[in-house]
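Notes for the structure review
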Amino acid sequence: MLAALKPEVTTILSDNKKSVENRLEAVCHLLRDAIDYYDWVGFYFKNGNKEELKLGPYAGEPTDHTIIPFGKGICGQVAVSNENFVVPDVAAQDNYIACSITVKSEIVIPMFKDGENIGQIDIDSNTPDPFSEDDERFLEFVNQKVSQIL
Ligand code: SME
């Protein structure tokens, strides 16, 4: 159950002795290790006042896509739509940036601070169509907790 991970997420994020970056990275690793269909877990944040996303802490294979212009790919679309984007089959998307040929599906959930879209959590899965509303609610919770420490 995804909701069972909430206390651990809260504990990690409230550890003031660690840097925010280290706490976010620990959350990425927790999610990737605990949820079998989460193969890459990372945060992207708006890059200063530029219309682009910059890769933040992540768990999984390194990606070349450390900067993503607004509007490009699933992540760039969420930066402008402010809405959750669940992709059951990445091959069916025209505006998609492939990070790995093993990825079958993706979910991107925007993060808000003071009503502003400041970034997102991005999950890649090697499993086709694995995401449900439970993932959306859980990842909204994670983002809300993260935005509180930013
Ligand atoms: N697939 C994403 C790019 C980021 S990687 O998945 C880490 C996209 O289309 O925006």
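As the structure is a computational prediction, the values presented were derived from the model and not from experiment. (Residues numbered from 1 in each chain as written. Predicted model: local features only at pLDDT ≥ 70, side-chain atom pairs only at ≥ 80, totals over all residues. Heavy atoms only, no water.)

1. Some remarks on the overall build of the protein chain
The test is simple: Numbering of helices and strands runs from the N terminus; a helix is a DSSP stretch of H or I covering at least four residues, while a strand is a stretch of E covering at least two. Buried, partly exposed and exposed residues are distinguished by accessible area as a fraction of the type maximum, computed with a 1.4 Å probe on protein chains only: under 20%, between the cut-offs, and over 50%, respectively. Residues count as neighbours in contact if any of their non-hydrogen atoms are within 4.5 Å of one another. The charge count includes Lys and Arg as positive and Asp and Glu as negative, but it does not include His or the ends of the chains. To locate a charge, take atom NZ for lysine, CZ for arginine, CG for aspartate or CD for glutamate.
Assigned secondary structure in the protein chain consists of four helices and six strands. Going from the N terminus to the C terminus, the protein chain shows its helices and strands as α-α-β-β-β-α-β-β-β-α. Across its three principal directions, the C-alpha atoms of the protein chain cover 40 × 35 × 25 Å. Out of the 150 residues belonging to the protein chain, those deemed buried represent 46%. The contacts in the protein chain between residues at least 6 apart in sequence include a share of 50% that link residues at least 24 apart. In the protein chain, which carries 13 positive and 25 negative side-chain charges, the distance between the mean positions of the two groups comes to 8 Å.

2. Description of the packing of aromatic side chains
To keep it simple, the criterion reads: For Phe, Tyr and Trp, rings pair up if their centres lie within 6.5 Å, where Trp contributes its six-membered ring, and each pair is then called stacked (planes under 30 degrees apart), edge-to-face (over 60) or tilted (otherwise).
For the structure on display, the rule yields six aromatic pairs. Between Y37 and F131, the ring centres sit 6.0 Å apart and the planes meet at 65°, which makes this aromatic pair edge-to-face. With Y37 in the loop between α2 (20-34) and β1 (40-46) and F131 in the loop between β6 (116-125) and α4 (133-148), the pair connects residues that are 94 residues apart, well separated along the chain. The exposure class assigned to F131 is buried, which follows from its relative accessible area of 10%.

3. Describing the packing of helix α1 (residues 6-13) against α2
Put simply, the rule reads: Under this scheme, a helix contributes an axis fitted over its contacting stretch, all axes are lines through C-alpha atoms, and angles between N-to-C directions fall in the 0 to 180 degree range. For classification, angles of less than 35 degrees are called roughly parallel, those exceeding 145 degrees roughly antiparallel, those between 65 and 115 degrees roughly perpendicular, and all remaining angles oblique. A crossing counts as left-handed when the near helix is turned anticlockwise from the far one by less than a right angle, and as right-handed when that turn is clockwise. Any residue outside Ala, Val, Leu, Ile, Met, Phe, Trp, Tyr, Cys, Pro, Asp, Glu, Lys and Arg is labelled polar, Gly included; the first ten of those are nonpolar and the last four are charged.
Closest axis-to-axis distance for the α1/α2 pair is 9 Å, and the angle between their directions is 160°. Taken together, the axis directions place α1 and α2 in an arrangement best described as roughly antiparallel. Judged by the sense of rotation from one axis to the other, the crossing of α1 with α2 is right-handed. Here E8, V9, I12 and L13 of α1 lie close against α2, whose contacting residues are R23, L24, A26, V27, L30 and L31. Here the residues of the contact of α1 with α2 are counted per class, giving eight nonpolar, no polar and two charged.

4. Some thoughts on the pairing of strand β2 (residues 52-59)
To keep things clear, this is the line we draw: Strand pairing follows a simple DSSP-based rule, namely that at least 2 bridges must link the two strands.
Among the eight residues of β2, six are classified as buried, and the element is accordingly described as predominantly covered. With five bridges joining them, β1 and β2 adopt antiparallel strand pairing. Across the sheet, the residue bridging to K46 is L53, located in β2. A loop of five residues connects β1 with β2, the two strands running antiparallel in sequence, and G48 in this loop sits at a positive phi of about 60°.

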